[in-house]
Amino acid sequence: MNARRPALFLDRDGTIIQDAHYLADAARVRLLRGAAAAVASANARDVLTIVVTNQSGIARGLITADQYDAVRAQTDLLLARDGARVDATLHCPHSPEVSGPCDCRKPGLGMYHDAAATFNIDLAASAYIGDRWRDIEPGRVLGGYGFLIPGSETPETDLEHARTHVSPRLHIVESIGDAVAQALALIAPTP
């Protein structure tokens, strides 16, 4: 069996695309500045790039599974137009208030364990990137590297929580480009 490898785990809304709150219309997908270039830089280094996203709007009846799939496909298309690709997209369709607790809703670890089993990923050597504490908390729990990108939708409590946990494995950065560049230097250094 091949050795386990690191991956970049990226949040979707507010990290790769604009957070439009329960995005149901694929025509409204907008990549954030620098997202495609950041993903392409990981692709160039042959680092697995996996999107991990909570989509409670499905359980709440605010978006359908087909609408979610259309938004995912449009995101992939826009990334591809700029020379980037994600290797997989995992989503949690649950809402604790509607469908009860689950192990996949971030910061739960279910999606990460599924990705590790499917792609032979070393979770402790991987990077976890997003605009919310729940996006990077799995990295802290699993021993990986977390990168918080504060944005307009980042709750102040998440930012304060991250500030109290800043360490060599947890970083607050200004953009997805900064996050991916720093992550690649840690998980896939050039020889």
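Use the structure listed above.
This section reports on the structure supplied with the text. Quick caveat, the model's predicted, so the values are computed rather than measured.

1. Some thoughts on helix α6 (residues 133–142)
Residue pairs spaced three or four apart in an α-helix point in one direction, given the helix's 3.6 residues per turn. Most of α6 sits out of view: seven of its 10 residues are buried. Inspection of α6 places W133, D135, I136, E137, P138, G139 and L142 among the buried residues, and these make up the whole buried set. Buried positions along α6 lie against α5 (110–119), β4 (127–130), β5 (145–148), α7 (156–165) and β6 (170–172). One or two residues past the end of α6 sits G143, with phi positive at roughly 85°.

2. Observations regarding the pattern of salt bridges
Taken as a whole and assessed by the stated rule, the structure comprises 11 salt bridges. The partner of R72 in a salt bridge is D76, and the shortest N-O contact between them spans 3.2 Å. Of the two residues, R72 and D76 both sit in helix α3 (residues 65–81), four residues apart, roughly one turn of that helix. Given a relative accessible area of 25%, D76 falls into the partly exposed group. Ionic pairing is found between K106 and D135, a salt bridge with its closest N-O pair at 2.7 Å. Placement of K106 in the loop between α4 (96–99) and α5 and of D135 in helix α6 is noted, with a sequence separation of 29 residues between them.

3. Structural notes on unusual backbone geometry
Both trends apply: most residues other than glycine have a negative phi, and most peptide bonds are in trans. In this chain, K106 is followed by P107 through a cis amide linkage whose omega measures 15°. One can find P107 in the loop between α4 and α5. Its identity as a non-glycine residue notwithstanding, H21 has a phi of 55°, on the positive side. Along the chain, the position of H21 falls in the loop between β1 (7–10) and α1 (35–44). In this structure H21 comes out as partly exposed when scored by relative accessible area, which is 44%. Positive phi, close to 60°, is recorded for N120, a residue that is not glycine. Inspection of the secondary structure puts N120 in the loop between α5 and β4.

4. Quick look at the sheet that holds β6
Strand pairing in a sheet takes place through backbone hydrogen bonds and is either antiparallel or parallel in direction. An order of β3-β2-β1-β4-β5-β6 is seen for the six strands of this open sheet, with the pairing classed as parallel. Strands with a single pairing partner mark the edges of an open sheet, and in this sheet they are β3 (88–92) and β6. Across this sheet, the average inter-strand angle for adjacent strands is 20°, counted without regard to direction. Taken together, the five bridges between strand β2 (residues 48–54) and β3 define a ladder with parallel strand orientation. Looking at the pairing, T53 lines up with H91 of β3. The strands touched by α7 are β5 and β6; relative to β6, the strand with the most contacts, the crossing angle is about 130°.

About the criteria used
Residues numbered from 1 in each chain as written. Predicted model: local features only at pLDDT ≥ 70, side-chain atom pairs only at ≥ 80, totals over all residues. Heavy atoms only, no water. Buried < 20%, exposed > 50% of the residue type's maximum accessible area, 1.4 Å probe, protein only. Helix = DSSP H or I, 4+ residues; strand = E, 2+ residues; numbered from the N terminus. Contact = heavy atoms within 4.5 Å. Salt bridge = Lys/Arg side-chain N within 4 Å of Asp/Glu carboxyl O. Pairing = 2+ DSSP bridges. Axes fitted to C-alpha atoms, helices over the stretch in contact; angles between N-to-C directions.

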